[in-house]
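Coordinates in review
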Amino acid sequence: GGERIRETVSNLQRLSRQCEQHQGPLDIHNLIDQSVSMVSHQIRHRARLVKSFGQIPSIRGNGTALGQVFLNLLINAAQAIPEGNAERNEIRISTDVQTVENAEPDAEVVVEIRDSGKGIPPENISHVFEPFFTTKPHGQGTGLGLSISHQTVRDHGGRITIESEVGQGTVFRVFLPVGNAPEPPRSVAALHDRRTLGRGRVLVIDDEPLIGDVIESSLREEHDVSVVQRASEAIALLERGETFDLVLCDVVMPDLSGPEFYARVAEHWPQLVRRLVFMTGGAFTPGTIEFMERVPTRVLSKPFKIDRLKRLIRERMRERA
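In this report, the structure presented in the accompanying data block is examined. Throughout this document, residue positions are counted from 1 along each chain, in the order its sequence is written. Predicted model: local features are reported for residues with pLDDT of at least 70 only, side-chain atom pairs are reported and counted for 80 or more only, and whole-chain, interface and lining totals are derived from all residues. Only heavy atoms go into the side-chain values, all of them from the structure, while hydrogens and water stay out.

This paragraph deals with the overall build of the protein chain. For the protein chain, the helix and strand inventory stands at eleven helices and twelve strands. Counting across all 321 residues of the protein chain, residues that qualify as buried make up 45%. Contact between two residues is taken to exist if any of their heavy atoms lie within 4.5 Å; hydrogens are not considered. Restricting the contact set of the protein chain to residue pairs at least 6 apart, pairs at least 24 apart contribute 69%. For every accessible area listed, the method is Shrake-Rupley and the probe measures 1.4 Å; residues are considered covered only by the protein chains on display. Split by element, the accessible area of the protein chain, about 16700 Å² in all, is 49% carbon and sulfur. Each helix is a run of H or I in the DSSP string that is no shorter than four residues. Each strand is a run of E no shorter than two, and both are numbered from the N terminus. Relative accessibility decides the category of a residue: with a 1.4 Å probe and only protein chains considered, values under 20% of the type maximum give buried, values over 50% give exposed, and everything between is partly exposed.

All right, on to the pairing of strand β4 (residues 90-99) then. For two strands to pair, DSSP has to find at least two bridges joining them. Looking at chain direction, strand β2 (residues 48-52) and β4 are connected through five bridges and run parallel. Across the sheet, the residue bridging to S52 is S94, located in β4. Alignment of β4 against strand β5 (residues 107-115), held across nine bridges, turns out to be antiparallel. Across the sheet, S94 pairs through a bridge with E112, a residue of β5.

Before going further, it helps to examine the packing of aromatic side chains. In this scheme Phe, Tyr and Trp rings, the latter by its six-membered ring, pair at centre separations within 6.5 Å, and the angle between planes marks the pair as stacked below 30 degrees, edge-to-face above 60, and tilted otherwise. This structure, assessed with the given rule, holds three aromatic pairs. A ring pair is formed by F129 and F172, whose centres lie 6.4 Å apart and whose planes are at 70 degrees; its orientation type is edge-to-face. With F129 in the loop between α4 (122-125) and α5 (145-155) and F172 in strand β7 (residues 169-177), this pair connects stretches of sequence that are 43 residues apart. Look at Y262 and F291: their rings are 5.4 Å apart centre to centre, the planes differ by 80 degrees, and that puts the pair in the edge-to-face class.

Below, the structure is given as structure tokens:
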């Protein structure tokens, strides 16, 4: 749930500017099934759910973001159908793959979500992907779901279309370019790295004790983790000659802020700059936003997955090897 909230906030940020997302090989059918399980309680009293899945290849993308797209479309389909006549109404999800002429890649996956709901008036069709536009009653929608979905699909190199007729229903189609061949299993690569790179040293700077506790308990089997709650304590460790493969630093802290800590590191320990990673929940002032866009430091948006953190540690250790 926390991961979905983080991705939704990231998608909101992308309405104004692009942001980095982790990409990987995806099973579209698995994403659809996960989305269906989350919205099934809304569908079962409104319509029969029918799946018509074809043989489709994997695509490359961000699973949580695309899962949110399918979830948004299914919620819209369900809310377009009043409760009480589930046997007379239908929501149909179908998938297929089609060739694309004179394009690279030359194929795309098509996901179609069709409902037998009330439909959308012609004058509203051109506005459905605009932020904050909604035809739902007050309290039933923010007008962000379809605009976020539209931007997410575009970020994946795809497109989303809509057809609708009042009283007949609506059809959304999501077109996504076919991804590259799946990557080797991460567990194999991680095992190789653990054998060749050994234990790493990680410094965590965060004024929330729980953050440090969670990171330390998650990493301690593979790495040595030091946790401090103030940037001044971290500087004291560095002044004593302590070295680290990765330094995780919160952006907003009580004594020295993330940007102020960065400036001290860049001045006295420039070799550590590439090993510095900021952690943030997204609460930025205009000055902090300008700083984060200017410096090359990586950023982990809270909550983040421990697997991603472990990959960052291995990357930094390979650079030193």
